[in-house]
Amino acid sequence: MRAEAGIVAERDDRGGTRLAVLRGESPLLLRRTGRPDGGGVTVHLVGGAAGPLRGDELRLDVVVEPGARLEIRSVAASLALPGRPAPPSRLTVTASVAAGGTLRWLPEPLIAAAGCDHDVVTRVDVAEGGTLLWRDDLVCGRHREASGAVRADTLIRYAGVALYRHELAVGPGAPGWDGAAVLGGGRAIGTVVTAGPELPEPAVLGTDAAAMRLAGPGVLATAVGEDIRQVKAALDPWCDPASRRALTAV
Amino acid sequence: MSLGALLLLADGRLPSGGHAHSGGLEPQIANGRVRDVDGLAGFLRGRLATSGLVSAAFAAATCADVGRSAELDAGLDARTPSPALRRASRAQGRALLRAGRAMWPIATIGREPHQPVALGALAAAAGLTPAEAAIAAAHGTITGSASAGVRLLGLDPYAVHALLARLTPECDRIAALAAARSGDPVDELPAAGAPLLDIGAEHHATWEVRLFAS
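The structure reproduced in this document is the subject of the present report. (Residues numbered from 1 in each chain as written. Chains lettered and ligands numbered in written order. Predicted model: local features only at pLDDT ≥ 70, side-chain atom pairs only at ≥ 80, totals over all residues. Heavy atoms only, no water.)

This brings us to the overall build of chain B. In terms of helices and strands, chain B carries nine helices and zero strands. For chain B, the C-alpha radius of gyration of 16 Å lies close to 17 Å, the compact-globule estimate for 214 residues. Reported as C-alpha extents along the three principal axes, the dimensions of chain B are approximately 45 × 35 × 30 Å. Counting every position in chain B, which comprises 214 residues, the buried fraction comes to 57%. Of all intrachain contacts in chain B linking residues separated by at least 6 positions in sequence, the fraction that spans at least 24 positions is 75%. Treating the 19 positive side-chain charges of chain B as one cloud and the 19 negative ones as another, the clouds have centres 4 Å apart. (Helix = DSSP H or I, 4+ residues; strand = E, 2+ residues; numbered from the N terminus. Rg over C-alpha atoms; globule rule 2.2 N^0.38 Å. Buried < 20%, exposed > 50% of the residue type's maximum accessible area, 1.4 Å probe, protein only. Contact = heavy atoms within 4.5 Å. Lys, Arg positive; Asp, Glu negative; His and termini not counted. Charge placed at Lys NZ, Arg CZ, Asp CG, Glu CD.)

Structural data, given as structure tokens:
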């Protein structure tokens, strides 16, 4: 299955945000949700089919124009599945955020079902003065199931310079992924990259979680857990500005 | 190429301060994830496939073209989210350069480069190939942690060296993969990350008492 989806958010003449483009096709269906809030718009990804399955080629392109505020969520976890013998499935997400624009990417976790073979390629460009919050959670296998193979390949640039370049491979074909250097037997991992002019203070977020100041203008919060609940416990408050202030005040 | 120069560069007795670093092992021992040789094996396999691959690729790329060292150094910054690990890498790079300058005439690069960039510059100065720089880097990412494991857990040194011997084919494979990509644009070079190494390093940096610097 091949599918492409796109979102272009731009500032309207009343200081809010309007969606100049909102197009998708199954399984990447997009719905605008909720009321306009603080000048921003929320879009939910709605899975329109099972998968991704091997052989699927999916692509989502997001553009946030100057001054626009966009939040992208998903209604449910996405489940990478084996399907028929075929090349790996692949989801490519590209995003650009212009100066004064804000993009918050907060999808539900990706679950690597046993036997899946899935690539996620993320390329994000944030212009100087743009703001980004980019979260990705991964669960290695369903309940009591071996993990499938997932490779996540992420590049986030800020003002044209690589800010965060990271690859993570889990499951068969990824040597030592469950050893004590990578996930240490943990079955869930979450990362949140924040970039922009206003950054949260780094903090130790838990036994297997930390927020760290990147070399460029950004902070990475990352958490490893036995299951996704531990990851959410560390990262959900971090993604919510109000509770983050309370967190650092303690 | 000179096998003698390669052995000098890969020798743990090179006075480059490497013995002060556990390569992220100390925090994983403290939290109980590594208790024995099997636990160390899992740690080393993961470290080799992640930071070992990245170090080998950046050492090989620097060796192939020392003129790219500033760009490659910035590429390692983007691949090292933990400030504690960036400091450890730069401290080891500076110490390695200091030792290297006494051995060979080294091209002018920054004063405190990341360790793989310093290693690549030394390899180039010694007349080594990018493939040799890669194997020295990959080898160093596991041998340093292995010897730290012997000291921290009191593991049997024979059993640990037997483990290192079992890992040599994987070490060669990672180095060959790294060398094959050494001409790639910096953004396309390997970027395999190890979340627990990053998290562990940040926790470790807050400890009041520790045996290793990182």
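What follows covers the interface of chain B and chain A. With 34 residues of chain B in contact, the opposing surface of chain A contributes 32 residues. Roughly 2,500 Å² of surface becomes buried between chain B and chain A when both sides are summed, with 62% attributable to carbon and sulfur atoms. For D187 of chain B, the salt bridge identified is with R157 of chain A, shortest N-O distance 2.8 Å. Taken together, the links from chain B to chain A amount to 13 residue pairs in polar contact (both at pLDDT 80 or more). For the side of chain B that touches chain A, the elements supplying multiple residues, two or more each, are α3 (37-64), α4 (69-79), α5 (83-103), α8 (157-180) and α9 (195-204) of chain B. The residue inventory of the side of chain B that touches chain A, partitioned by class, reads 15 nonpolar, eight polar and eleven charged. (Buried area = accessible area lost by both parts, 1.4 Å probe. Salt bridge = Lys/Arg side-chain N within 4 Å of Asp/Glu carboxyl O. Polar contact = N/O pair within 3.5 Å; in protein donor to acceptor, adjacent residues only side chain to side chain. Nonpolar A, V, L, I, M, F, W, Y, C, P; charged D, E, K, R; others polar.)

Ranked by internal contacts, the top residues of the largest apolar core, which has 118 residues, are L70 and L103 of chain A. Per element, the largest residue contribution to this core is 15 residues, and it comes from α3 of chain B. In this structure, L103 of chain A is in contact with V62, V64, L70, I72, A95, V97, T131, L132, L133 and W134 of chain A, ignoring residues within four places of it in sequence. (Core = buried A, V, L, I, M, F, W, Y, C linked by side-chain atoms within 4.5 Å.)

To continue, consider the packing of α5 of chain B against helix α6 (residues 115-125) of chain B. Residue and element names in this part refer to chain B. In contact at an axis separation of 7 Å, α5 and α6 are set at 20° when each is read in the N-to-C sense. By the angle between their axes, α5 is roughly parallel relative to α6. Taken as a pair, α5 and α6 cross one another with a handedness that is left-handed. Residue-level inspection shows S89, Q92, G93, L96, L97 and G100 of α5 in contact with α6, the latter providing Q115, P116, A118, L119 and L122. Of the residues in the contact of α5 with α6, the class split is six nonpolar, five polar and no charged. (Axes fitted to C-alpha atoms, helices over the stretch in contact; angles between N-to-C directions. Parallel < 35°, antiparallel > 145°, perpendicular 65-115°, else oblique. Left-handed = near helix turned anticlockwise from the far one by under 90°.)

Keep in mind these numbers describe shape, not what the thing actually does.
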